[in-house]
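# Coordinate analysis (summary)
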Amino acid sequence: FTLRATAGELIRIQVLHQYIDAKAVTVYTRSGPPNDDFQTPLPITNNTIKGTTQGATSEFGEAFSQTVWYKWQPDRSRGYEFRVTGGHSLFIFEGGSLSDLKLVGHAKATLLESFTATISGDASKSYYIAVSGLSVFSGAFEFRINPGPANDMFVHRTRIQNLDEHLSADLTLATREPEEPSHNTNQPSRTVWYEWIAPTTGGHYIELTNVTAGVSIYTGASLTNLTEVPLNILQQSSGTVGTNCFV
């Protein structure tokens, strides 16, 4: 069994047995995980984290049982996928104290199925991650943080250097920024960004190999001050030499 105790507190343990021929009993006491409390989270320094909820407790104010805590700051603003194993739930929070946490993502793994969580991580923020056992028998777990594409955010757009340059992108873990335009009123949930300077004035052609993907082109200086460039059905656009275009 697991109990929560305060340093210096005297705990009395009574061992009972309901049968007359009871044998000798050995009692072991062990410390819980060092990151049992919100105030003592372990820092996350790599993308694969292994831990245990054995001996973990729930402190006052927590909504979950048997939790351990981690603190994480993304190295880059972009989408991140969280995947947990071992019959545990994983919760991602913003906030500075246990009483003002805001849930931004939730993933869990049962014996039969697994659910991931994808969030738009901000490199200027720190996040708290709680891992909770789904039953009193929960113990070892592992979770992984998978980063999305490097050009997920407008500020980290990829520069297209040359004409006839072939670029590939995986939008699986991409996200959408709150300030993004509607992109032809489609409101896509996943986008990546490129920057291109027109080398000549005139028509230019953009080809996509994935027929399910779409493209929008803009001019402007910031995400909140973009002007969409009209496209025809063949995705051909007219550019002016020296103009910055964002795709």
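How each quantity is defined
Residues numbered from 1 in each chain as written. Predicted model: local features only at pLDDT ≥ 70, side-chain atom pairs only at ≥ 80, totals over all residues. Heavy atoms only, no water. Helix = DSSP H or I, 4+ residues; strand = E, 2+ residues; numbered from the N terminus. Buried < 20%, exposed > 50% of the residue type's maximum accessible area, 1.4 Å probe, protein only. Contact = heavy atoms within 4.5 Å. Areas by Shrake-Rupley, 256 points an atom, 1.4 Å probe, with all protein chains shown as cover. Pairing = 2+ DSSP bridges. Axes fitted to C-alpha atoms, helices over the stretch in contact; angles between N-to-C directions. Salt bridge = Lys/Arg side-chain N within 4 Å of Asp/Glu carboxyl O. Core = buried A, V, L, I, M, F, W, Y, C linked by side-chain atoms within 4.5 Å. Phe/Tyr/Trp six-rings, centres within 6.5 Å; stacked < 30°, edge-to-face > 60°. pLDDT = per-residue confidence, 0-100.

### Considerations on the overall build of the chain
Counting its regular elements, the chain contains 0 helices and 17 strands. Taking all 247 residues of the chain together, the buried fraction comes to 35%. For the chain, contacts bridging at least 24 residues in sequence account for 69% of all contacts bridging at least 6. For the chain, the exposed area adds up to about 15,500 Å²; of that, 51% sits on carbon and sulfur atoms.

### Examining the sheet that holds strand β8 (residues 117–121)
Strand order in the open sheet formed by 4 strands is β2-β10-β4-β8, and the pairing between neighbours is antiparallel. Taken across any chain shown, the strands that pair with only one partner, and hence form the sheet edges, are β2 (48–52) and β8. Looking at each pair of strands side by side, their axes are set apart by 25° on average, direction ignored. For strand β4 (residues 78–85) and strand β10 (residues 140–147), the ladder comprises 6 bridges, and the chain directions are antiparallel. Residue Arg-83 lies in a different strand from β10, and its bridge partner there is Arg-144.

### A closer look at the pattern of salt bridges
What the rule picks out here adds up to 5 salt bridges. For the salt bridge of Lys-125 with Glu-94, the shortest nitrogen-to-oxygen distance reads 3.5 Å. In this pair, Lys-125 is assigned in the loop between β8 and β9 (127–133) and Glu-94 in strand β5 (residues 88–94), connecting sequence segments 31 residues apart. Accessibility expressed as a relative area gives 34% for Lys-125, which makes it partly exposed.

### Side note on the sheet that holds strand β6 (residues 102–109)
Taken together, 6 strands build an open sheet; the order of strands is β1-β3-β9-β5-β6-β7 and the sheet is mixed. Only two strands of the sheet have a single partner each, and these edge strands are β1 (42–43) and β7 (114–115). Bridging between β5 and β6 involves 6 bridges; their strand directions are antiparallel. Bridging across to β6, Phe-93 finds its partner in Leu-103.

### Quick word on the nonpolar core
Ranked by internal contacts, the top residues of the largest apolar core, which has 21 residues, are Tyr-70, Trp-72, Phe-82, Ile-129 and Phe-143. Counting residues per element, the ones that place at least two in this core are β3 (67–72), β4, β5, β6, β8, β9 and β10. Formed by 7 residues, the second largest nonpolar core is a distinct cluster that contains Phe-38, Trp-69, Phe-93 and Leu-98.

### Regarding the packing of aromatic side chains
Per the counting criterion, the structure on display carries 14 aromatic pairs. For the ring pair Phe-154 and Trp-193, a centre distance of 5.1 Å and an interplane angle of 90° mean the geometry is edge-to-face. Here the residue Phe-154 occupies a position in the loop between β10 and β11 (158–160), and Trp-193 occupies one in the loop between β11 and β12 (194–197), the gap between them amounting to 39 residues. The buried category is assigned to Phe-154, whose relative accessible area is 4%. In this structure Trp-193 comes out as buried when scored by relative accessible area, which is 1%.

### With respect to the environment of Phe-91
For Phe-91, the location among the structural elements is in strand β5. Placed 22 residues apart in sequence, Phe-91 and Trp-69 show a C-alpha to C-alpha distance of 9.6 Å. Dropping the residues within four chain positions of it, Phe-91 is found in contact with Phe-64, Leu-103, Gly-105, His-106, Tyr-128, Ile-129, Ala-130 and Ser-132.

### Overview of the pairing of β2
Burial along β2 is one-sided: Ile-49 and Gly-51 are buried, and none of Thr-48, Lys-50 and Thr-52, which face the opposite way, are. In this sheet, β10 lies alongside β2 in antiparallel orientation, the contact comprising 5 bridges. Among the inter-strand pairings, Ile-49 is bridged to a residue of β10, identified as Phe-143.

### Structural notes on the confidence of the model for the chain
With 84% of its residues at a pLDDT of 70 or more, the chain has an overall mean of 82. pLDDT under 50 marks residues 233–242. Its contacts with residues more than four places away, or in other chains, come to 35 contacts.

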